[in-house]
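Structural overview for review
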Amino acid sequence: MLSELDQKSAVADKLVITDSDFEKFRDFFYRKTGIKFENSKRYFVDKRLIDRITATETESFRQYFSFMRFQASGHEQQALINAMTVNETYFYREEYQFECLVENVMNEIAASKRPGDTIRIWSIPSSTGEEPYSIGLYLLEKWPQLDNFEVEIVSSDIDSNVLDKCAQGIYNERSVSGLPARVLKKYFTQIGVGKYQISIDLREAVKFTQVNLAQPTQTRAYRGFDVVFCRNLLIYFDDASRRNAADVFYDALLPNGFVFLGHSESMSRISSLYKVRKFPKAMVYQKPA
Amino acid sequence: MGLRKTSTNIALPDENVENENREVPRDFTQLKFQILSLEPSERRWAARDLGNHPEGVPILLETLETETVVPVLDAIFTSLQKHPTHECVNGLIRFLSSEDASVRNNAIEVLQSMPNALETHILSLLNHPDSDVRIFAIDILQQLVHQNAPEWLKSVLLDETHVNVVATAVDRIVEIGDSSILPTLERVAQRFAQHDYIQFAVNTAIERIKEDTYA
């Protein structure tokens, strides 16, 4: 007798994603999320599709696709999106940008506000929370003017599963390896072997939301931000989706608001809406006044 | 002051977003009026929302003729990009002759993203009476994801007589050509034997393609 696990594995082994299945899925996923998978990602996509076919106990790509497309609750569509988006990052990744934030950008924003005003920061994608919490940690540790303003951090992701992980704020050794020992000790509690939970103060200081940048009905509510962090996301998008994202950030930002992109990304190649600001430690894009 | 605290730190999108309250209804009829607003931010939002209506393409194209505010222009092009149709391609082609470099470059970028709809128009663009438009057509080909792009560029190398257009084609073929294009490049060098720049450009292109091919 085969165990249930063995039976599932045997079914998965027989499943095949054909070239036309891949094309069909790729077109659908692009329309839905703006994320386009190149042929080089074929193995990655096939493996996750087969995982979802097996998990839903459908018998073929065709049957699964139909089930997923027309399921009234939309739960499987979300599960598929979650499976296809990669979530891997760590605290203080590309730290020079956080240094630029506290040494230049925040000071410039503060100069245009009155004491007591709110400064709003949007971090997208949240992934598992390392980036928005890094922003919070950096502000607490290295921005002397923090006490004069109320800083709101909102962080969003298309993947609903990661939001729960973000809210729990539990990280492994690798995630926190870039943090100075003093910061780790001050803001984290070790809750097991190689497991660290970020303090309740930090957890309450970030609001996590689910958003799909390709859905105008979802992005419309994001307004009045002073800073957007969107690092290493646009590289997964095609030209049209990148352009759409640049538009979403433009509408989300206040005049003179700033956008941080990943080191390999360039807004100048995406949109002419922003001007380039070169600070000593990083290049940032700014919405004109 | 400090970091603002939140009591519920996870928020999912409102499942009833289609019924959200808006200051102005976002139906097609209202958007047609909104895009004529004197307020640029209202025009930008109308342009963005018209992107959800295929019947909005002619209005967006018409607005391009008169709109001068960059964020509004940007929203129009982003919305047009959602409709890779012959109507849209036809409408955008006329902006390749625009005096405004930003409009022209945006038109090129959007056309590059519509390979299938553009297919039947590319030869007439490459034979356009205006040599500048022919150069922009070559710029479109450089990024166009279409299997015929190298062949179309080859036809320019073989038939084009304007030296600036040929020079552009020689420059662009380096990125998308392979060793099969080398005899064509040698013919270009013969056809324009009296033009030092073409000789230089052809030699450079041949060297680079050989480097890529035999690396």
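Residues numbered from 1 in each chain as written. Chains lettered and ligands numbered in written order. Predicted model: local features only at pLDDT ≥ 70, side-chain atom pairs only at ≥ 80, totals over all residues. Heavy atoms only, no water.

**Some words on the overall build of chain B**
When you go through chain B residue by residue, the secondary structure sums to 13 helices and 2 strands. A total of 215 residues make up chain B; the buried ones form 49% of that total. When contacts within chain B are restricted to residue pairs at least 6 apart in sequence, long-range pairs at least 24 apart make up 61% of them. In the structure as shown, chain B presents an accessible area of about 11300 Å², 48% of it carried by carbon and sulfur atoms. (Helix = DSSP H or I, 4+ residues; strand = E, 2+ residues; numbered from the N terminus. Buried < 20%, exposed > 50% of the residue type's maximum accessible area, 1.4 Å probe, protein only. Contact = heavy atoms within 4.5 Å. Areas by Shrake-Rupley, 256 points an atom, 1.4 Å probe, with all protein chains shown as cover.)

**A few points about the pairing of strand E2 (residues 150-157) of chain A**
Counted residue by residue, E2 of chain A has 7 buried out of 8 residues, so it is predominantly covered. With 6 bridges joining them, strand E1 (residues 118-123) of chain A and E2 of chain A adopt parallel strand pairing. Its bridge partner being in E2 of chain A, Ile121 of chain A is matched across the sheet by Ile153 of chain A. As defined by bridge partners, E2 of chain A adjoins strand E1 (residues 2-3) of chain B across 2 bridges and the pair is classed as parallel. Counterpart to Glu150 of chain A in the pairing with E1 of chain B is Gly2 of chain B. In this sheet, strand E6 (residues 206-210) of chain A lies alongside E2 of chain A in parallel orientation, the contact comprising 5 bridges. (Pairing = 2+ DSSP bridges.)

**A short note on the interface of chain A and chain B**
Contact with chain A, which involves 42 residues of that partner, is made by 30 residues of chain B. For chain A, the biggest contributors to the area lost against chain B are Thr217, Arg220 and Arg243 of chain A; these three give 21% of the whole. Here chain A and chain B share 9 salt bridges between them. Here Arg4 of chain B makes a salt bridge to Glu152 of chain A, at a shortest N to O gap of 3.0 Å. If you look at where chain A meets chain B, you find 18 residue pairs in polar contact (both at pLDDT 80 or more). Elements supplying a minimum of two residues to the side of chain A that touches chain B: helix H7 (130-142), E2, helix H8 (160-168), helix H11 (200-203), E6, helix H12 (216-219) and helix H13 (239-252) of chain A. At 7 residues, the largest contribution of residues to the side of chain A that touches chain B is made by H13 of chain A. (Buried area = accessible area lost by both parts, 1.4 Å probe. Salt bridge = Lys/Arg side-chain N within 4 Å of Asp/Glu carboxyl O. Polar contact = N/O pair within 3.5 Å; in protein donor to acceptor, adjacent residues only side chain to side chain.)

**Some points on the UniProt feature "binding site: S-adenosyl-L-methionine" (unreviewed entry) in chain A**
Residues and elements named next belong to chain A. UniProt marks Asn87, Thr89, Arg93, Glu131, Asp157, Asn212, Leu213, Arg231 and Asn232 with the feature "binding site: S-adenosyl-L-methionine" (unreviewed entry), using the numbering shown here. Tracing the chain through its elements places Thr89 in the loop between helix H5 (75-84) and helix H6 (95-111). With a relative accessible area of 14%, Thr89 lands in the buried category. Ignoring sequence-local partners within four residues, the contact set of Thr89 consists of Ser127, Thr128, Glu130, Arg174 and Ser175. Its location among the elements puts Arg231 in the loop between strand E7 (225-230) and H13. With a relative accessible area of 7%, Arg231 lands in the buried category. For Arg231, the residues in contact, after removing those within four places along its chain, are Arg93, Glu94, Gln97, Phe98, Ile124, Pro125, Glu131, Phe260, Leu261, Gly262 and Glu265. (UniProt positions renumbered as here; feature names shortened; annotations may be inferred.)

**Description of the nonpolar core**
By size, the foremost hydrophobic cluster in this structure holds 66 residues, and its most contacted members are Leu80, Leu92, Leu96, Val170 and Leu185 of chain B. Excluding its chain neighbours within four sequence positions, the residues that come into contact with Leu80 of chain B are Val57, Leu60, Leu61, Leu64, Cys88, Leu92 and Met114 of chain B. One finds Phe37, Met68, Leu80 and Val228 of chain A within the second-largest nonpolar core, a separate group that totals 47 residues. (Core = buried A, V, L, I, M, F, W, Y, C linked by side-chain atoms within 4.5 Å.)

**Things to note about the domain arrangement of chain A**
All names here are of chain A. Each assigned domain of chain A is listed here: domain 1 (4-84) and domain 2 (95-170 + 199-286). Once you take the C-alpha centre of each, domain 1 and domain 2 turn out to be 31 Å apart. Contacts between the two partners involve 9 residues from domain 1 and, on the opposite side, 13 residues from domain 2. Run the count over domain 1 and domain 2 and you get 0 salt bridges. The interface formed by domain 1 and domain 2 includes 0 residue pairs in polar contact (both at pLDDT 80 or more). The set of elements that each furnish at least two residues to the side of domain 1 that touches domain 2 consists of helix H2 (19-33) and H5. Partitioned by chemical class, the residues of the side of domain 1 that touches domain 2 number 3 nonpolar, 4 polar and 2 charged. (Domains from an automatic or database assignment. Nonpolar A, V, L, I, M, F, W, Y, C, P; charged D, E, K, R; others polar.)

**Looking at the sheet that holds strand E3 (residues 170-172) of chain A**
Residues and elements named next belong to chain A. The sheet built from 3 strands is open, its strands ordered E3-E5-E4 with antiparallel pairing. Each edge of the sheet is formed by a strand with only one pairing partner; in this case those strands are E3 and strand E4 (188-192). Averaged over all pairs of adjacent strands, the angle between strand axes in this sheet comes to 35°, irrespective of strand direction. Both E4 and strand E5 (residues 195-198) contribute to a ladder of 4 bridges, which runs antiparallel. Its bridge partner lying in E5, Thr189 is registered against Gln197. (Axes fitted to C-alpha atoms, helices over the stretch in contact; angles between N-to-C directions.)

**Re the confidence of the model for chain B**
Residues and elements named next belong to chain B. With 90% of its residues at a pLDDT of 70 or more, chain B shows a mean pLDDT of 88. The secondary-structure element of chain B with the lowest mean pLDDT is strand E2 (residues 10-11), recorded at 68, while helix H3 (residues 57-66) shows the highest, at 96. Long-range and interchain partners of residues 15-19, a stretch whose pLDDT sits below 50, account for 2 contacts in this model, where long-range means more than four residues apart. (pLDDT = per-residue confidence, 0-100.)

**Considering the packing of aromatic side chains**
Residue and element names in this part refer to chain A. Scanning the entire structure with this criterion turns up 21 aromatic pairs over all chains. Taken together, a centroid distance of 4.9 Å and an interplanar angle of 65° make the contact between Tyr92 and Tyr138 edge-to-face. Of this pair, Tyr92 sits in the loop between H5 and H6 while Tyr138 is found in helix H7, placing the two residues 46 residues apart along the sequence. For the residue pair Tyr92 and Tyr138, the accessibility class agrees, reading buried in each case. The structure contains a cluster of three or more aromatic residues connected by ring pairs, namely Phe91, Tyr133, Tyr171, Phe188 and Phe208. (Phe/Tyr/Trp six-rings, centres within 6.5 Å; stacked < 30°, edge-to-face > 60°.)

**Considering the environment of Met84 of chain A**
Residue position: Met84 of chain A is located in helix H5. Through-space distance from the C-alpha of Met84 of chain A to that of Ile35 of chain A is 9.5 Å; in sequence the pair is 49 residues apart.

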